[in-house]
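Fold and contact review
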Amino acid sequence: MMPPSHSASSLAKPSWRRFGSKFKTLSKRFSRSGILFVVSAPSGAGKTTLVEAIRQTPNLFYSVSCTTRAPRSGEINGEHYRFLSDADFRAKLKAGDFLEHAQVHDDFYGTLREPVLTNLKNGVDVLIDIDTQGAAVIRNCDDPIIRQALADVFIMPPDLEELRRRLHGRGTETEKQIERRLETAAREMERWRDYRYTIISGSVEADLEKFRRIMAAEGYLSGRMIQK
Ligand code: 5GP
C-alpha cells in the first residue's frame, strides 16, 4: 500500500501542534453534568477517614447530613453533621426538605434535597455518605437529575472480626453499641450487589486510590457530556 501523501505545509508542523489548538477549541465546547457519589459502608469500615480525604477534591460538594444523634467528641456542627433536635428534624421532614432519610440504630439521619440538586444542576459533583437504606431510596428516586447523576459505591470491610477490632480501636462506642453496630454491619454487607461499585476495604490509601479511579472514570461517561 502507498503511504499517504502529505502537502509541504502539513509536513512543516508536527502533527500534535496542528491538532492541539483544535482540541482546545473542542474541549471548550463540552462540559459535563455533576455526579452524585453515594458512599455507604458499615460503621468502622474506615469510611470516615476515606470520606474526609475525598472531601478535599476540588469542585466537589460534600452534603452534610442532618441527624438527631448527639455529637461525638471532636465532631463539629455544620461540618460533620447538622445536629438537630427531634422536633427540628421532624419539621424538616414534614416540609419535604429531605431527599432521603432513615432511622439508623436509635437516631434519624437525612440528606437535604436542595443543596444536592442545586450543585448537580451547576455541574458540581456531590458526595453523600449514607447507609444502605438511604442509598436504596436514592437509587429508586424518580428525579431524572438524580437518576442520571448517581454513582453508588459500597465499601466492604474485610470481615466482621476486623470491623470489631476497628470499632474497639476508635473507642467511641460502648460494648453494647459495638455489638449493635456489628449486627447492622452484617446486614448491610449483604447489600453490596445493589451498588455499581464495591471497594474491598484495605488501607485508607488503597481505598482512596480506588475511589479516585472510580471518580475519574465516571467523569468520562459519554452520557454525562454536555455539548454546548
Ligand atoms: P454515624 O452515627 O456512625 O456517623 O453514622 C451511622 C450511619 O448513618 C452510617 O452508616 C452513615 O453512613 C449513616 N448516615 C449518615 N448520614 C446519613 C443520611 O443523611 N442518611 C442516611 N440514610 N444515612 C446516613
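Remember, predicted model here, so these are calculated numbers, not experimental data. (Residues numbered from 1 in each chain as written. Predicted model: local features only at pLDDT ≥ 70, side-chain atom pairs only at ≥ 80, totals over all residues. Heavy atoms only, no water.)

So, on to the site of the ligand. Of all residues adjacent to the ligand, which total 16 residues, the nearest are Ser 65, Arg 69, Tyr 81, Glu 100 and Tyr 109. Contact distances for the ligand include 2.8 Å between an oxygen atom and a side-chain N or O atom of Lys 47. One of the side-chain N or O atoms of Thr 111 is found 3.3 Å from an oxygen atom in the ligand. Broken down by secondary-structure element, the contributors of at least two residues to the shell around the ligand are strand S6 (98-104) and strand S7 (107-112). (Near = heavy atom within 4 Å. Polar contact = N/O pair within 3.5 Å; in protein donor to acceptor, adjacent residues only side chain to side chain. Helix = DSSP H or I, 4+ residues; strand = E, 2+ residues; numbered from the N terminus.)

This next bit is on the packing of aromatic side chains. Overall, the coordinates contain six aromatic pairs when judged by the stated rule. Pairwise contacts between aromatic rings join Tyr 81, Phe 83 and Tyr 109 into one cluster. The ring of Tyr 195 carries Arg 139 above its face, with NZ or CZ at 4.5 Å from the centroid. (Phe/Tyr/Trp six-rings, centres within 6.5 Å; stacked < 30°, edge-to-face > 60°. Lys NZ or Arg CZ within 6 Å of the ring centre and 35° of its normal.)

Considering the arrangement of structural elements, one finds Asp 207 in helix H10 (residues 204-219). In this structure Asp 207 comes out as buried when scored by relative accessible area, which is 3%. In sequence terms Asp 207 and Leu 50 are 157 residues apart; their C-alpha atoms lie 7.2 Å from each other. Excluding residues within four positions of it along the chain, Asp 207 makes contact with Leu 50, Ile 155, Ile 199, Ile 200, Ser 201 and Gly 202. Here Gly 202 takes part through its backbone nitrogen, which lies 2.8 Å from a polar atom of the side chain of Asp 207. (Buried < 20%, exposed > 50% of the residue type's maximum accessible area, 1.4 Å probe, protein only. Contact = heavy atoms within 4.5 Å.)

Looking now at the packing of helix H3 (residues 47-54) against H10. Where H3 meets H10, the closest approach of the two axes is 10 Å, and the angle between their N-to-C directions is 50 degrees. Viewed along their axes, H3 and H10 adopt a mutual orientation that is oblique. Pair H3 / H10 crosses with right-handed handedness. Where H3 abuts H10, its residues Thr 49, Leu 50, Ala 53 and Ile 54 lie against Val 204, Asp 207, Leu 208, Phe 211, Arg 212 and Met 215. Of the residues contributing to the contact of H3 with H10, the split by class is seven nonpolar, one polar and two charged. (Axes fitted to C-alpha atoms, helices over the stretch in contact; angles between N-to-C directions. Parallel < 35°, antiparallel > 145°, perpendicular 65-115°, else oblique. Left-handed = near helix turned anticlockwise from the far one by under 90°. Nonpolar A, V, L, I, M, F, W, Y, C, P; charged D, E, K, R; others polar.)

Turning to the environment of Arg 213, a few remarks are in order. Structurally, the position occupied by Arg 213 is in helix H10. On the accessibility criterion, Arg 213 (58% relative accessible area) is exposed. A polar contact of 3.0 Å, which involves the side chain of Arg 213, links it to the side chain of Glu 209.

Here Asn 59, not a glycine, exhibits a phi torsion of approximately 60 degrees, which is positive. Positive phi values are uncommon outside glycine, yet His 105 reaches one of about 55 degrees. Structurally, the position occupied by His 105 is in the loop between S6 and S7.

Its place among the elements puts Asp 125 in strand S8 (residues 125-129). Among the polar contacts listed, one links the side chain of Asp 125 to the side chain of Arg 32, at a separation of 3.0 Å. Polar side-chain contacts of Asp 125 include one of 2.8 Å to the backbone nitrogen of Ile 35. Apart from the residues within four sequence positions on either side, Asp 125 is in contact with Arg 32, Ser 33, Gly 34, Ile 35, Phe 37, Asn 59, Leu 60 and Phe 61.

Before going further, it helps to spend a moment on the sheet that holds S7. The strand order S5-S4-S7-S6 describes an open sheet built from four strands, whose pairing is mixed. Strand pairing shows two members of the sheet lacking a second neighbour, strand S5 (82-83) and S6, which therefore form its edges. Docked against the sheet, helix H5 (residues 113-121) engages S6 and S7, running at close to 30 degrees with respect to S7. (Pairing = 2+ DSSP bridges.)

That's the geometry; what it means functionally is another story.
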